Amino acid sequence: MNHPTPTEAPAQRRQRADGRRSRDTILDNAARLATVEGLDGLSIGRLAERTGMSKSGLYAHFTSKEALQLATIERAEEIFEDEVLSPARRKADGLRRLWALSDEFLSHLEREVFPGGCFFAAVGAEFDTQPGRVKERIGVFIEAWMGELMAAAATAQQAGELPADLDPEQLIYEVDALLLMAHATYTMYGEPALLERARVGLARLLGPRPE
């Protein structure tokens, strides 16, 4: 077996790192574009225009439109992790975590992390009637997000921060409904007051935000 020489190994590592950065740049653009033009509207040609890369260079990364869509979803998950989940997880579990998840979700809308609002709300509405791997992958994310909210609510209830007779599934259904409405209205009108309405609704459901 041939092994890279000491001088070849760093070059190979740089090449892999450059390839990763190039792929991330493509997928960052794809995720942003999908929230405006739709995940089904993604194409190698459109991305070539957006990124200034050649079609042949893009084809080297993705073997099919579905592969591009699935990779875009994966990249959007990484962005959502960085922008919403990780900051929220720095808060103590329970009611503080539940409030933080909701606040960070609204914040990522306000900061226009994606120009079309929440990536998963946008593509979920686009693919909810289209069976296949793309819909399944979106569903996996949505279930995980709801699970994150549910876990925080369950901990809050166990700690006495929420009423013992409260149905946590119903609570999270209503919390998520407020967040999705905030996504829909803020994306359409761009009025910060619409996000504040969601926060008022959350306070009615969850009580005051813990200090």
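Parameters at a glance
- Residues numbered from 1 in each chain as written.
- Predicted model: local features only at pLDDT ≥ 70, side-chain atom pairs only at ≥ 80, totals over all residues.
- Heavy atoms only, no water.
- Helix = DSSP H or I, 4+ residues; strand = E, 2+ residues; numbered from the N terminus.
- Buried < 20%, exposed > 50% of the residue type's maximum accessible area, 1.4 Å probe, protein only.
- Contact = heavy atoms within 4.5 Å.
- Areas by Shrake-Rupley, 256 points an atom, 1.4 Å probe, with all protein chains shown as cover.
- Lys, Arg positive; Asp, Glu negative; His and termini not counted.
- Charge placed at Lys NZ, Arg CZ, Asp CG, Glu CD.
- 1 Å grid on protein atoms, 1.4 Å probe; cavity = no way out; pocket = protein on both sides within 12 Å on 5 of 7 lines; lining within 4 Å.
- Points joined across faces, edges and corners; volume = space filled by probe spheres on them.
- Nonpolar A, V, L, I, M, F, W, Y, C, P; charged D, E, K, R; others polar.
- Arc of directions from axis to C-beta.
- Expected span 1.5 Å × (residues − 1).

Participant: Got a minute to help me understand the overall build of the protein chain in this structure?
Facilitator: Summing up its helical and strand segments, the protein chain has nine helices and zero strands in all. Secondary structure elements in the protein chain, listed N-terminal to C-terminal, are α-α-α-α-α-α-α-α-α. Along the first, second and third principal axes, the C-alpha set of the protein chain runs to 65 × 40 × 30 Å. Across the 211 residues of the protein chain, 41% fall into the buried class. A fraction of 67% describes how many contacts in the protein chain between residues 6 or more apart in sequence connect residues 24 or more apart. For the protein chain, the exposed surface amounts to about 11,600 Å²; the carbon and sulfur share of it is 51%. With 25 positive and 33 negative side-chain charges, the protein chain shows a separation of 7 Å between the mean positions of the two kinds.

Participant: Where do I start with the layout of surface pockets in this structure?
Facilitator: Quantified by volume, the largest pocket comes out at close to 180 Å³. Along the wall of the largest pocket there are 13 residues; nearest its centre are Phe120, Ala121, Ile142, Asp176 and Leu180. Among the residues making up the lining of the largest pocket, the classes are represented as eleven nonpolar, one polar and one charged.

Participant: I'm lost on helix H2 (residues 44-51) in this one. Help?
Facilitator: At 3.6 residues per turn, the α-helix brings residues three or four places apart onto the same side. Three or more residues of H2 are buried, namely Ile44, Leu47 and Ala48. When H2 is viewed along its axis, its buried side chains cluster within an angular range of 105° and face the same direction. Positive phi appears at Gly52, one or two residues downstream of H2, with a value of about 80°.

Participant: Just to check I follow, could you spell out helix H9 (residues 192-206) for this structure?
Facilitator: Over its 15 residues, H9 extends 21 Å from the first C-alpha to the last, a length consistent with the 21 Å expected when each residue adds 1.5 Å. If you check which residues of H9 are buried, you get Leu195, Ala198, Arg199, Gly201, Leu202 and Leu206. Projected down its long axis, H9 shows its buried positions confined to an angular sector of 160°, all on one face. Facing away from the buried surface of H9 by more than 90 degrees, the exposed residues are Arg197 and Arg204. The inward-facing, buried residues of H9 contact helix H5 (95-110) and helix H8 (168-189). Of the residues trailing H9, Gly207 is marked for its positive phi of about 90°.

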